2 protein chains.
Amino acid sequence: MSSGWFRRRFLPGGPLPAPRSPRSPRPRASPVPYRRPRFLRGSGSCSGTADAPRRPDARPVRCPARGRVLPWNAGYAEIINAEKSEFNEDQAACGKLCIRRCEFGAEEDQEWLTVCPEELLTGHYWALFDGHGGPAAAILAANTLHSCLRRQLETIVEGMVATQPPMHLSGHCVCPSDPQFVEEKGIRTEDLVIGALESAFQECDEMIGRELEASGQVGGCTALVAVSLQGKLYVANAGDSRAILVRRDEVRPLSSEFTPETERQRIQQLAFVYPELLAGEFTRLEFPRRLKGDDLGQKVLFRDHHMSGWSYKCVEKSDLKYPLIHGQGRQARLLGTLAVSRGLGDHQLRVLDTNIQLKPFLLSVPQVTVLDVDQLELQEEDVVVMATDGLWDVLSNEQVARLVRSFLSGNQEDPHRVHQQDGPHRFSELAQMLIHSTQGKDDGPTGEGQVSYDDVSVFVIPLHSQGQGSSGH
Amino acid sequence: MSSGWFRRRFLPGGPLPAPRSPRSPRPRASPVPYRRPRFLRGSGSCSGTADAPRRPDARPVRCPARGRVLPWNAGYAEIINAEKSEFNEDQAACGKLCIRRCEFGAEEDQEWLTVCPEELLTGHYWALFDGHGGPAAAILAANTLHSCLRRQLETIVEGMVATQPPMHLSGHCVCPSDPQFVEEKGIRTEDLVIGALESAFQECDEMIGRELEASGQVGGCTALVAVSLQGKLYVANAGDSRAILVRRDEVRPLSSEFTPETERQRIQQLAFVYPELLAGEFTRLEFPRRLKGDDLGQKVLFRDHHMSGWSYKCVEKSDLKYPLIHGQGRQARLLGTLAVSRGLGDHQLRVLDTNIQLKPFLLSVPQVTVLDVDQLELQEEDVVVMATDGLWDVLSNEQVARLVRSFLSGNQEDPHRVHQQDGPHRFSELAQMLIHSTQGKDDGPTGEGQVSYDDVSVFVIPLHSQGQGSSGH
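Residues numbered from 1 in each chain as written. Chains lettered and ligands numbered in written order. Predicted model: local features only at pLDDT ≥ 70, side-chain atom pairs only at ≥ 80, totals over all residues. Heavy atoms only, no water.

### Side note on helix 2 (residues 136–160) of chain B
All names here are of chain B.
Here comes step 1: A rise of 1.5 Å per residue sets the reference length of helix 2, with its 25 residues, at 36 Å; its end C-alpha atoms lie 34 Å apart and thus fit the reference within 8%.
Here comes step 2: The largest bend along helix 2 reaches roughly 45° and is located at Glu-154.
Here comes step 3: Counting buried positions over the 25 residues of helix 2 gives 23, a clear majority of the element. (Helix = DSSP H or I, 4+ residues; strand = E, 2+ residues; numbered from the N terminus. Expected span 1.5 Å × (residues − 1). Bend = angle between axes of the 7 residues up to and from the residue. Buried < 20%, exposed > 50% of the residue type's maximum accessible area, 1.4 Å probe, protein only.)

The structure is reproduced here in structure tokens:
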């Protein structure tokens with residue numbers, strides 16, 4: 001691991017748009033602001049001021065960014081270009097979330113009021129987007145998802161600051177027993193944040209659809225978001241990126257991957273309900289391999305939408321069509337086209353040479369898991385690792401955990417280091433090391449020398465100062 | 001716990017139909033054979049010959065039993081009538097599963113061949129059915145589900161006895177690489193059994209639908225089935241019964257409950273896709289309570305099909321309709337009518353005074369979990385407890401586990417006891433004790449004195465001799 005190699009790969013970031021190399025052309029007639037394809041990787045906000053955004057997003061953004069790069073996720077986070085592609089499809093964003101209280105009126109066009117500064121909720125936000133079909137959707141998502149989320153949170157912040165969410169947002173009970181109904185349903189503040197994340201992903205997806213259609217561009221992206229708020233860490237995932245918690249004695253997955261294989265039953269079910277979505281070109285049934293003429297009349301293994309197990313069926317002619325989901329593991333494809341089943345964008349994506357749309361089978365809604373940071377007895381070296389699939393293709397959760405523990409125990413915090421200018425933070429270096437260990441430049445600490453040919457982006461979030469209500473209001 | 005109380009409650013069983021009391025009338029014009037409403041509770045087959053069925057079901061049953069009670073689940077298992085109802089809606093079955101190899105020909109009307117006795121697969125089967133709307137569906141299920149399952153298993157037994165299921169049931173590969181495709185998909189023998197259980201539940205459901213329609217009867221039932229086969233225990237559940245594994249240091253759930261609450265998103269999703277199923281009478285949205293006129297225009301908590309979290313919405317007039325799923329916990333009802341979301345039967349069930357059908361929202365397909373008994377280091381007192389919701393309403397998994405451990409440690413196996421005639425087996429006594437502890441006749445060993453007003457049925461399956469391939473072929 002030579003420093004020269006790092007210099008080539010890791011470019012210090014500044015206010016976006018980032019500097020472009022002479023050989024990176026601006027995409028033709030693109031209304032999406034071009035940014036140097038990059039890997040952005042930062043560490044969590046608890047590493048002092050080092051990673052604090054230069055300009056906290058203190059005002060609600062009312063509309064999605066159109067043709068403008070928000071400076072929101074600039075700051076000291078380093079930008080990594082792994083030199084694989086000038087049109088890098090991985091994008092990222094991180095920064096502080098400032099959530100204002102807003103007053104609801106009867107009118108649709110409500111006024112947003114800042115009541116007073118101490119009534120703000122603040123949190124932190126990290127997001128990774130792994131694009132496909134071009135970087136456009138990933139860039140749009142990196143520029144706007146945090147605004148969608150902040151807007152969603154601001155519409156419910158009244159409920160979030162209450163001990164328990166009120167049934168009526170105005171705070172006026174219609175029935176005296178309303179709190180009891182909320183109690184009986186077990187509705188907690190964290191359910192509001194989960195709902196806000198779900199709505200924000202959908203809002204962002206719709207915005208991306210409009211933007212790409214207006215600009216004649218295409219593409220989609222996965223989205224993995226972590227939000228630290230009120231002593232909890234929320235991890236929202238739509239796609240095949242992954243977040244894990246690494247502690248001294250524990251490795252805990254904080255997300256699940258959504259691929260054609262993991263969502264087979266949902267996808268087959270949709271094709272069962274709406275067979276016209278397959279236009280007679282695909283079979284919704286799953287077989288061990290694509291069937292051919294010689295299989296006709298034979299009894300072969302198959303699965304349909306209602307089955308977790310396998311059974312045998314007599315092969316008919318319609319079973320010879322191309323399967324709705326085909327291939328195994330990394331090669332599994334939805335409609336022969338897409339390797340993920342959730343994400344943002346892809347509104348225009350069609351099966352090659354057909355009019356068959358992918359979008360009806362894709363979900364933009366994420367699965368959200370909640371880590372109660374305040375309930376953990378946190379150690380200095382407890383971290384969350386978020387990364388795109390390029391990392392997880394070559395390193396298991398356990399391997400990443402071993403790399404993390406080994407690196408942090410060999411790189412103790414320097415008590416005299418205060419500023420980012422003193423050099424990269426050890427958690428930033430850890431993220432760099434994890435990416436490095438997938439590049440095959442050396443065997444790395446694992447000695448396994450596996451190489452990822454995909455884009456790789458990594459966030460390392462130290463949890464220690466996320467807990468103890470530090471990100472509460 | 002007086003013996004007199006037990007004499008009144010526990011009637012020794014004989015070949016079915018069971019003896020009827022003078023005051024139990026035969027239902028009018030019912031083609032479903034009347035059996036005395038009963039609780040059947042037996043212990044697993046590994047308790048020596050004591051619980052072995054008197055007449056193993058050695059021949060494949062080709063059609064569902066029509067108008068005839070199979071003697072299959074007779075034997076020494078005791079029959080319990082808790083004296084709550086002469087038309088008890090709990091039903092049960094248990095016995096040996098004998099699966100013959102069958103040869104496949106080109107014709108539909110295949111011949112079933114017994115190749116030789118040593119090529120049989122044998123297993124054991126336990127099933128609990130908790131009926132509603134009358135006992136008819138539960139009785140039909142108790143009489144026929146095992147036949148459906150055996151028939152399903154016999155169609156795939158060629159695949160089950162192979163090391164890995166062949167892609168083609170004939171055993172003739174079309175491609176030399178066929179085994180590799182099966183390997184890559186990770187298809188194992190247990191996936192065939194899971195598939196057979198899923199298909200058997202569906203076949204049984206269709207049969208119940210036909211039988212009840214033909215006889216003008218109504219009703220449905222939950223189904224919880226355990227099958228011990230080839231060193232594994234399969235637990236298939238459709239409804240709100242539950243099975244748990246109890247070991248010295250472990251309590252492990254082997255099933256999940258399927259209720260309108262646990263399947264909210266699936267049920268709301270269906271109403272979203274087919275709004276006509278609600279006939280304009282229900283709202284698919286979930287609120288903390290049913291809304292009323294005063295809520296109009298207010299922002300209230302709600303959830304839709306795509307949401308795990310909660311959000312707020314402005315109440316419109318259509319939100320005032322009765323909710324698709326209403327109530328909490330034990331009171332939650334689907335369309336104001338049904339407390340479970342999976343099971344058998346209910347083909348004719350409609351919302352009171354409307355034409356709105358329940359069946360489209362119900363699934364007959366079970367969720368199947370697999371316990372690899374051969375991989376457990378089994379102790380003599382490791383058991384599986386299966387019970388209908390009446391037990392779990394008043395006792396938690398942990399409470400049941402404490403009762404089990406305490407009972408078995410105080411009731412060691414008598415090495416001189418060989419025959420059932422020597423008295424009830426200690427696992428049978430344990431099942432009795434568990435039922436007793438829900439009846440409020442005394443405080444029981446828990447000292448909590450909770451009373452179940454529902455039917456309660458319990459199987460206790462000792463695992464010790466289910467392992468070590470004892471139920472293999």
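### Re the interface of chain A and chain B
The figure often quoted for interface size is the accessible area lost as the parts come together.
Here comes step 1: Opposite the 48 residues of chain A that make contact, chain B presents 48 residues.
Here comes step 2: Between chain A and chain B the total buried area reaches about 4300 Å² when both faces are included, carbon and sulfur atoms providing 61% of it.
Here comes step 3: A per-residue breakdown of the area chain A buries against chain B is headed by Met-167, Lys-185 and Tyr-312 of chain A, which together make up 17% of the total.
Here comes step 4: Counting every contact that joins chain A to chain B gives four salt bridges.
Here comes step 5: A salt bridge links Arg-289 of chain A to Asp-178 of chain B, with the nearest nitrogen and oxygen atoms 2.6 Å apart.
Here comes step 6: For the interface between chain A and chain B, the tally reads 20 residue pairs in polar contact (both at pLDDT 80 or more).
Here comes step 7: Taken together, the elements giving at least two residues each to the side of chain A that touches chain B come down to helix 2 (136–160), helix 3 (178–184), helix 4 (189–215) and strand 11 (299–302) of chain A.
Here comes step 8: Tallying contributions element by element places helix 4 of chain A first for the side of chain A that touches chain B, with six residues. (Contact = heavy atoms within 4.5 Å. Buried area = accessible area lost by both parts, 1.4 Å probe. Salt bridge = Lys/Arg side-chain N within 4 Å of Asp/Glu carboxyl O. Polar contact = N/O pair within 3.5 Å; in protein donor to acceptor, adjacent residues only side chain to side chain.)

### Regarding the pairing of strand 19 (residues 458–462) of chain A
The side chains of a regular strand alternate, first on one face of the sheet and then on the other.
Residues and elements named next belong to chain A.
Here comes step 1: For strand 19, a buried count of five out of five residues is recorded, marking the element as mostly surrounded by other parts of the structure.
Here comes step 2: Burial along strand 19 is two-sided: Val-458, Val-460 and Pro-462 and Phe-459 and Ile-461, pointing in opposite directions, are all buried.
Here comes step 3: Two elements, strand 18 (residues 383–387) and strand 19, share five bridges in a ladder whose sense is antiparallel. Within strand 19, the residue paired with Val-384 across the bridge is Ile-461. (Pairing = 2+ DSSP bridges.)

### A short note on unusual backbone geometry
Here comes step 1: Non-glycine residue Gln-230 of chain A carries a positive phi angle of around 50°.
Here comes step 2: Mapped onto the fold, Gln-230 of chain A is located in the loop between strand 6 (220–229) and strand 7 (232–238).
Here comes step 3: Residue Asp-353 of chain B is not a glycine yet carries a positive backbone phi of 60°.
Here comes step 4: Structurally, Asp-353 of chain B can be placed in the loop between strand 16 (344–345) and strand 17 (367–371).

### Observations regarding the side chain of Gln-152 of chain A
Here comes step 1: Mapped onto the elements of the fold, Gln-152 of chain A is located in helix 2.
Here comes step 2: Beyond its immediate sequence surroundings of up to four residues, Gln-152 of chain A is in contact with Ala-196, Ser-199, Ala-200 and Glu-203 of chain A.

### Concerning the sheet that holds strand 8 (residues 242–247) of chain B
All names here are of chain B.
Here comes step 1: Strand order across the open sheet formed by four strands is 9-8-18-19, with antiparallel pairing between neighbours. Taken across any chain shown, the strands that pair with only one partner, and hence form the sheet edges, are strand 9 (250–253) and strand 19 (458–462). For this sheet, the mean angle separating the axes of adjacent strands, direction not counted, is 20°.
Here comes step 2: Inspection of the sheet shows strand 8 paired to strand 18 (residues 383–387) by five bridges, in the antiparallel sense. Counted as the bridge partner of Ala-243 is Met-386 from strand 18.
Here comes step 3: Contacting strand 8, strand 9 and strand 18, helix 7 (residues 397–410) crosses the sheet at an angle of about 45° to strand 8.
Here comes step 4: Against the sheet, helix 8 (residues 426–436) touches strand 18 and strand 19, its axis set at about 145° to strand 19. (Axes fitted to C-alpha atoms, helices over the stretch in contact; angles between N-to-C directions.)

### What to know about the pattern of salt bridges
Here comes step 1: Throughout the structure, instances matching the rule amount to 46 salt bridges over all chains.
Here comes step 2: For Lys-313 of chain A, the salt bridge is made with Glu-316 of chain A, and the minimal N-O distance between the two is 3.4 Å.
Here comes step 3: Given the relative accessible area of 46%, Glu-316 of chain A is considered partly exposed.
Here comes step 4: Glu-381 of chain A is paired through a salt bridge with Arg-426 of chain A; the nearest N and O atoms lie 3.4 Å apart. In this pair, Glu-381 of chain A sits in the loop between strand 17 (367–371) and strand 18 while Arg-426 of chain A sits in helix 8 (residues 426–436), placing the two residues 45 residues apart along the sequence.
Here comes step 5: By relative accessible area, Glu-381 of chain A is classed as partly exposed at 23%.
Here comes step 6: If you follow the salt bridges from partner to partner, you end up with Lys-185 of chain A together with Arg-264, Glu-286 and Arg-303 of chain B in one network.

### Some points on the domain arrangement of chain A
Here comes step 1: Here the domain parsing of chain A yields domain 1 (75–102 + 118–258 + 363–438 + 455–462) and domain 2 (265–339).
Here comes step 2: One C-alpha centre belongs to domain 1 of chain A, the other to domain 2 of chain A, and the line joining them spans 35 Å. (Domains from an automatic or database assignment.)

### Describing the environment of Leu-296 of chain B
All names here are of chain B.
Here comes step 1: Mapped onto the secondary structure, Leu-296 falls in the loop between strand 10 (282–283) and strand 11 (299–302).
Here comes step 2: Separated by 22 residues in the primary sequence, Leu-296 and Ser-318 place their C-alpha atoms 9.8 Å from one another.
Here comes step 3: When sequence neighbours within four positions are dropped, the list of residues in contact with Leu-296 reads Val-315, Glu-316, Lys-317 and Leu-320.

### Some thoughts on the packing of helix 7 of chain B against helix 8 of chain B
Residues and elements named next belong to chain B.
Here comes step 1: Between helix 7 and helix 8, whose axes approach to 10 Å, the crossing angle comes to 140°. With respect to each other, helix 7 and helix 8 are oriented oblique. Read as a crossing pair, helix 7 and helix 8 show a hand that is right-handed. Residue-level contacts link Val-400, Leu-403, Val-404, Phe-407 and Leu-408 of helix 7 to Arg-426, Phe-427, Glu-429, Leu-430, Met-433 and Leu-434 of helix 8.
Here comes step 2: A per-class count over the contact of helix 7 with helix 8 returns nine nonpolar, no polar and two charged. (Parallel < 35°, antiparallel > 145°, perpendicular 65-115°, else oblique. Left-handed = near helix turned anticlockwise from the far one by under 90°. Nonpolar A, V, L, I, M, F, W, Y, C, P; charged D, E, K, R; others polar.)

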